[in-house]
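Commentary on secondary and tertiary structure
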Amino acid sequence: MATSLARQWWDIYVRVPESMSDATSAYLSGLGSSAVVFHEQAILTPQHEPCIETWPQSAEWTVLQGALPLDDSLPRHVAALQQWLHTCAWETPGVQLYCRPLRDVDYLTQWQQFFQPLCLEERLMIRPPWHTSPVPSHMACLTLNPGPAFGTGTHPSTHLCLLLLLQCAAHYRGCRLLDIGCGSGILSLAALQLGWQSAVGVDIDAQAIAVATHNAELNGLQDRVQFFHGSWNIVTGQFPYITANVYLGPLVEMLQPVTRHLAPGGTILLSGLLASQETAMRTAVQKAGLAVQTRREEEGWVALAVQRASAEEPGASHV
Ligand code: SAM
């Protein structure tokens, strides 16, 4: 992890109306931002340096702080964020975006003290490497060090995918899984611990691939999983199971071509969706010829398990 933090980062500050804070956080995470922090009732005073101040009168505004790696993609990511803010909030004066080189690298790892073991339905424990209490013998265990990559299991979008994986594990043991936007590798590695045979993970963030590979080694799973820098289009073959916890824009864009990598009768778990975005996602699901099998919601986030009809059964029932 020390080497991955040695790279340079940029601090990203965005001030948005509170009603846009979840969507903005999802967008920042989707760009590969680490550790998005919410500063509620805050204002941003940017005279010389962006400075966050608590300001009870500005209860309807939130300042989000994220960090993006300083590499070739930074200008593209900042431009995309600017464009997205302009599209979503063009009628809202007061939306602000500031970037500067990150000085307090510690902020990227401070959250680690809050990463406590997570137990899912008494079947799977996910815990950080520095937590060493015994794991009950009836539970599978995944040791995970997300470092600066996204994916500890506590964010609702990841938690929902893990619950859907648990729900499917009963039927799908022994299958191959494709994990699009793998982040820390949490979903592919959890699937392997739950009985999936092998997994391929892809992410457009090279650092996520380094973190996911490290996590595979931490669990002795390196022979059953491969992580690649890129997206779905570098993958070949078909998978009975695909997970994609990204966010609405790329999910809608990729769903149709990704369906070609889904085996007949296979399932895609779509997550990273705000409840307000579900209708748009369902429209794309229908266009891709898929059917929603299961829906789960948590804290305003939604995940859908969608299925491709099997060769013998041209239509499938919808939820
Ligand atoms: N899978 C992890 C989880 O469930 O916690 C991480 C999900 S995080 C919300 C989204 C990840 O998708 C980020 O690591 C980001 O770099 C990656 N990502 C965004 N757009 C992508 C795309 N078009 N193809 C592949 N990865 C993408």
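Counting restarts for each chain: residues are numbered from 1 in the order of the written sequence. Residues qualify for local features only when their pLDDT is at least 70, as the model is predicted, and side-chain atom pairs are given and counted only at 80 or more; totals for whole chains, interfaces and linings, by contrast, use all residues.

**Overview of the overall build of the chain**
Selection rule: The helix and strand labels rest on DSSP assignments: H or I over at least four residues marks a helix, E over at least two residues marks a strand, and numbering proceeds from the N terminus. Each residue is classified by how many other C-beta atoms fall within 10 Å of its C-beta atom, where C-beta atoms are placed from the backbone; a count of 20 or more means buried, 12 or fewer means exposed, and values in between mean partly exposed. Note that contacts rest on C-beta atoms placed from the backbone: two residues are in contact if these are within 7 Å.
Across its full length, the chain holds 9 helices and 16 strands. Evaluated residue by residue, the chain yields a buried proportion of 41% over its 319 residues. In the chain, 69% of the contacts between residues at least 6 apart in sequence involve partners at least 24 apart.

**What about the sheet that holds strand S14 (residues 262-274)?**
Short version of the rule: Pairs of strands are assigned from DSSP output, requiring at least two bridges between the strands. Geometry is summarised by axes, namely lines fitted to C-alpha atoms with helices restricted to the contacting stretch, and by angles between N-to-C directions that run from 0 to 180 degrees.
Across the sheet, which stays open at both edges, the 7 strands sit in the order S12-S11-S10-S13-S14-S16-S15 with mixed pairing between neighbours. Of all strands in the sheet, those bounded by a partner on one side alone are strand S12 (225-229) and strand S15 (291-298). Adjacent strand axes in the sheet meet at a mean angle of 15°, parallel and antiparallel pairs treated alike. Along the sheet face, helix H8 (residues 248-259) touches strand S10 (176-180), strand S13 (239-245) and S14 and points at about 175° away from the line of S14.

**Some points on the sheet that holds strand S9 (residues 140-143)**
Taken together, 3 strands build an open sheet; the order of strands is S7-S8-S9 and the sheet is mixed. Every interior strand has two partners, whereas the edge strands, strand S7 (118-120) and S9, have only one. Neighbouring strand axes in the sheet, compared pairwise and without regard to direction, differ in orientation by 20° on average. Summarising the sheet, strand S8 (residues 124-127) and S9 pair through 4 bridges and their orientation is parallel. Across the sheet, residue Ile126 finds its bridge partner in S9, namely Leu142. Along the sheet, helix H6 (residues 186-194) makes contact with S8 and S9, crossing S9 at roughly 150°.

**A short note on the confidence of the model for the chain**
The condition is simple: Confidence scores here are pLDDT values: one per residue, from the predictor, ranging 0 to 100.
Mean pLDDT over the chain: 84, with 83% of residues reaching 70 or higher. Taken together, the stretch residues 1-5 has pLDDT below 50 and engages in 10 contacts with residues farther than four places along the chain or on a different chain.

**Remarks on the packing of H8 against helix H9 (residues 278-287)**
Note the cut-off: For this classification, under 35 degrees means roughly parallel, over 145 means roughly antiparallel, 65 to 115 means roughly perpendicular, and everything else is oblique. Gly falls in the polar group here, along with every residue not listed as nonpolar (Ala, Val, Leu, Ile, Met, Phe, Trp, Tyr, Cys, Pro) or charged (Asp, Glu, Lys, Arg).
Two numbers describe how H8 lies on H9: the axes approach to 9 Å, and their chain directions differ by 10°. By the angle between their axes, H8 is roughly parallel relative to H9. Facing H8, whose interface residues are Leu248, Leu251, Val252, Leu255 and Gln256, H9 presents Ala280, Met281, Ala284, Val285 and Lys287. Among the residues forming the contact of H8 with H9, the class breakdown is 8 nonpolar, 1 polar and 1 charged.

**Concerning the environment of Leu162**
Looking at the element boundaries, Leu162 is found in helix H5 (residues 156-172). Note on Leu162: 26 C-beta atoms within 10 Å, which makes it buried. Separated by 24 residues in sequence, Leu162 and Ile186 have C-alpha atoms that sit 8.8 Å apart. Residue contacts for Leu162: discarding those within four places in its chain leaves Leu120, Gly153 and Ala190.

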